[in-house]
Amino acid sequence: MTDPEASKPPPGRPHRFEPLPEWVGVSTRLVHGARRPEYNAGAVVPPIYQTSTFHWPPERSESSDRARPYLYTRLENPSLEVPTELIRGLEGAESGRLFGSGMGAITATVLSLLRSGDEVVALAGLYGGTTDLLTDLLPRYGVRVREISVADARAPESVVGERTRLAIVESPTNPLLTVHDLARWGQATDRAGAILLVDNTFATPINQNPLALGADLVVHSATKYLGGHSDLVAGVVVGPERLISRIDSKGYFGAAVDPFVGFLLARGLRTLSLRVARQNENARAVAEAIREHSAVTRVHYPGWGGPEEEAIAARQMRGRGGMLSVSLRGGVEAAERFLSRLRLVHIAASLGGVESLASVPRLTSHRHLSAAELAARGIDEGLVRLSLGIEETADLVRDVTEALDALPGS
Ligand SMILES: Cc1ncc(COP(=O)(O)O)c(C=O)c1O
């Protein structure tokens, strides 16, 4: 006779995902990397635990963390563990935490790790929301923020000092796609005893792994490539457990992810490597096709900032990503006319989805900056940013080239 106790699910949470053989590659890991069929009634696709709370019998609340049941979805939910596990594995991190947006992840990380009197060193030219957080909010809490120009960022050892608690870097940057030497930043922050936080949203973990280069923490706007279908908003931070456990450990930032969004994110992640491979190809093809176009003053593409930058990009990136920006001769008017001539590429903020998008950073991601700040960052009035999707390469090259052909001077 079968023992009815034996058919009961194991008590508490199933922390462990089925281990995979060490030899599997990234695409395989994305498909099979978060399996626990004994917990999910054998379901191949992990279900959505659309619940705000969990059964909490009094006799189990004292049990060890391993066997402790889930408590409440603002803090934890099995549907959120699946994408967290996949992203953690992709970045080679020990631990990770999901948030309701990329800004939620960045804000929680920064505010959890800093205290009054600390100094933050940040690249000038970070994502506009991050820049706002650093320059507007942090000084109100007694944190000193030093913005570092692209030129000074080439020698991080001369800008990261004894008082620096945290350094924040993006590479490639938004929107000019400047590449920074992450290994050199890692050495400089290590020497100073500071934490290096890298926003890896633009590169994606398929093209670049900052933790392996010396970063301490990596954040992503999972809204972009990780989700990949422009249908969710989420963010993530990954790194060593000693740091992750300090980030919003009590959940009071409240930037929780809905379980359905967790499911969508896990679903998007399964195809990340295929999508990014195609996006890498499409961006390079478009960048090369328009580089010498007479309506264009400059194409901004990772590694195209000179031989030194090319060498850094070749060293630290496996692919150059799906983003490029183009400076148009003729400023605002040229940018508007170019956008109005695009037939396939949508005009919209954001990036990293399967569909190609075009936006004017001055009006979208960097709209909070003054004209002087935009100019200081090299964001000219005719700058248009393109996020290339997974469409046919030839179709995108044609759409962008024909829109440029309609500009005066071409
Ligand atoms: C590089 C980068 N980091 C962070 C963010 C913020 O992410 P979210 O919009 O998911 O809050 C963005 C958004 O555009 C971004 O481009």
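What you see is a predicted model; the values in this text were computed from it and never measured.

Colleague: Got a sec to walk through helix 12 (residues 331–341)? Specific residues and values, please.
Modeller: Buried within helix 12 are the following residues: Gly-331, Ala-334, Ala-335, Phe-338 and Leu-339. On an axial view of helix 12, the arc spanned by its buried residues comes to 130°, and they lie on one face. What points out from helix 12, more than 90 degrees from its buried face, is the exposed set Glu-333, Glu-336 and Ser-340. The elements touched by buried residues of helix 12 are strand 9 (323–328), strand 10 (346–347), strand 11 (357–359), strand 12 (383–387) and helix 14 (393–405).

Colleague: Can you break down the domain arrangement of the chain residue by residue, with the values?
Modeller: Examined at the domain level, the chain breaks down into domain 1 (25–269) and domain 2 (272–405). The interface is formed by 42 residues belonging to domain 1 together with 42 residues belonging to domain 2. In total, about 3300 Å² of surface goes out of reach between domain 1 and domain 2, with carbon and sulfur atoms giving 56% of it. When the buried area of domain 1 at its contact with domain 2 is split by residue, Leu-176, Asn-207 and Tyr-225 rank highest and sum to 23% of it.

Colleague: Before we move on, can you summarise the confidence of the model for the chain with the specific residues and values?
Modeller: For the chain, the mean per-residue pLDDT works out to 92, and 94% of the residues sit at or above 70. Note that pLDDT drops below 50 for residues 1–10; the model gives that stretch zero contacts with residues more than four away or on any other chain.

Colleague: Describe in detail the sheet that holds strand 6 (residues 217–221), supporting the description with residues and values.
Modeller: Judged by pairing direction, the sheet is mixed, and its seven strands sit side by side in the order 1-7-6-5-4-2-3 without closing on themselves. Each edge of the open sheet is held by one strand with a lone partner, namely strand 1 (95–99) and strand 3 (144–148). Across this sheet, the average inter-strand angle for adjacent strands is 20°, counted without regard to direction. The pairing of strand 1 with strand 7 (residues 235–239) spans five bridges and is classified as antiparallel. Residue pairing across strands places Phe-99 opposite Gly-235, the latter belonging to strand 7. The strands touched by helix 3 (residues 102–113) within the sheet are strand 1, strand 4 (164–170), strand 5 (195–199), strand 6 and strand 7, with strand 6 carrying the most contacts at an inclination of about 150°.

Colleague: Account for the nonpolar core, with residues named and values stated.
Modeller: Generally speaking, soluble globular proteins have nonpolar side chains that are buried together. With 71 residues, the main nonpolar core has Val-110, Trp-185, Leu-217, Leu-265, Leu-269 and Leu-272 as its most contacted residues. If near-sequence neighbours (up to four positions away) are discounted, Trp-185 is found in contact with Val-121, Leu-123, Ala-153, Pro-156, Val-159, Val-160, Ala-167, Val-169, His-180 and Leu-196. Counting 28 residues, the second-largest nonpolar core is a separate cluster that includes Ala-295, Ala-335, Leu-396 and Leu-404.

Colleague: So, a nonpolar patch on the surface: which residues are in play, and what are the values?
Modeller: A cluster of nonpolar residues, Leu-71, Tyr-72 and Leu-75, forms a patch on the protein surface that exposes about 230 Å² of accessible area. Counting through the fold element by element, Tyr-72 comes out in the loop between helix 1 (26–32) and helix 2 (78–91).

Colleague: Before we move on, can you summarise unusual backbone geometry with the specific residues and values?
Modeller: Omega for the peptide link from Ser-171 to Pro-172 comes to -5°, which places this bond in the cis form. Relative to the elements of secondary structure, Pro-172 occurs in the loop between strand 4 and helix 6 (182–192). Asn-174 connects to Pro-175 through a cis peptide bond whose omega is 5°. Its location among the elements puts Pro-175 in the loop between strand 4 and helix 6. Although it is not a glycine, Ala-41 adopts a positive phi angle of roughly 55°. One non-glycine residue, Ser-350, adopts positive backbone phi at about 80°. When you line up the elements, Ser-350 lands in the loop between strand 10 and strand 11.

Colleague: Describe the pairing of strand 7, with residues and values.
Modeller: Regular strands show a simple pattern: their side chains alternate between the two faces of the sheet. In terms of burial, strand 7 is a largely internal element, five of the five residues being buried. Alternating residues of strand 7 divide into Gly-235, Val-237 and Gly-239 and Val-236 and Val-238, and every residue in both groups is buried. Here four bridges tie strand 6 to strand 7, and the two strands are oriented antiparallel to one another. Residue pairing for strand 7: His-220 is matched across the bridge by Val-236.

Colleague: So, the site of the ligand: which residues are in play, and what are the values?
Modeller: In the region of the ligand, 15 residues are neighbours, and Met-103, Asp-199, Ser-221, Thr-223 and Lys-224 sit closest. Contact distances for the ligand include 2.6 Å between a nitrogen atom and a side-chain N or O atom of Asp-199. Against a free-state accessible area of 390 Å², the protein chains account for coverage of 89% of the ligand.

Colleague: Describe the side chain of Arg-385, naming the residues involved and giving the relevant values.
Modeller: Within the fold, Arg-385 resides in strand 12. Buried within the structure, Arg-385 lacks any salt-bridge partner; Glu-170 is the closest side chain of opposite charge, at an N-O distance of 8.3 Å. A distance of 2.8 Å separates a polar atom in the side chain of Arg-385 from a polar atom in the side chain of Asn-174.

Colleague: Tell me what's going on with the pattern of salt bridges, and back it up with residues and numbers.
Modeller: In total, this model carries 14 salt bridges according to the counting rule given. Among the salt bridges present, the one from Glu-309 reaches Arg-154, with a minimum N-O distance of 3.3 Å. Of this pair, Glu-309 sits in helix 11 (residues 307–316) while Arg-154 sits in the loop between helix 5 (150–153) and strand 4, and the two are 155 residues apart along the sequence. Since its relative accessible area comes to 7%, Glu-309 is described here as buried. Two residues, Arg-343 and Glu-402, come together in a salt bridge whose shortest N-O distance is 3.9 Å.

What counts as what
Residues take numbers from 1 onward in each chain, read along the sequence in its written order. Thresholds applied to this predicted model are a pLDDT of at least 70 for local features of residues and 80 or more for the giving and counting of side-chain atom pairs; totals over whole chains, interfaces and linings are not thresholded and use all residues. Side-chain numbers here rest on the full set of heavy atoms in the structure, without hydrogens or water. Per-residue accessibility, obtained with a 1.4 Å probe over protein chains only, is compared with the maximum for each type, and a residue is labelled buried under 20%, exposed over 50%, and partly exposed between these values. Note on conventions: DSSP H or I runs of at least 4 residues are helices, E runs of at least 2 residues are strands, and numbering of each starts at the N terminus. Taken from the helix axis, the directions to the C-beta atoms give the arc we talk about. Throughout, a residue-residue contact means that at least one pair of heavy atoms, one from each residue, lies within 4.5 Å. Each domain's limits were defined by an automated method or a database of domain assignments. Values labelled buried area give the accessible surface lost by two parts on being combined, using a 1.4 Å probe and summing over both. Confidence scores per residue from the predictor, reported as pLDDT, run from 0 to 100. Note on pairing: DSSP must find at least two bridges between two strands before they are called paired. Between N-to-C directions, angles span 0 to 180 degrees; the directions come from axes that are lines fitted to C-alpha atoms, helices contributing only their stretch in contact. Think of a nonpolar core as a cluster: buried Ala, Val, Leu, Ile, Met, Phe, Trp, Tyr and Cys residues, connected wherever their side-chain atoms sit within 4.5 Å. Without a salt bridge and with relative accessible area above 30%, a residue can belong to a patch; like charges are then joined within 9 Å and nonpolar side chains (Val, Leu, Ile, Met, Phe, Trp, Tyr) within 5 Å. Areas reported here follow the Shrake-Rupley algorithm with a probe of radius 1.4 Å; residue values treat only the protein chains shown as occluding. For salt bridges, the criterion is a side-chain nitrogen of Lys or Arg within 4 Å of an Asp or Glu carboxyl oxygen. Only heavy atoms are used to decide nearness, and a residue is near a molecule or strand if one of them lies within 4 Å of it. Each polar contact in these results corresponds to two N or O atoms within 3.5 Å; when the atoms are within protein, one needs to be able to donate a hydrogen and the other to accept it, and residues that are neighboring in sequence are counted only if both atoms are side-chain atoms. This count recognises Lys and Arg as positive and Asp and Glu as negative, with His and chain-terminal groups excluded.

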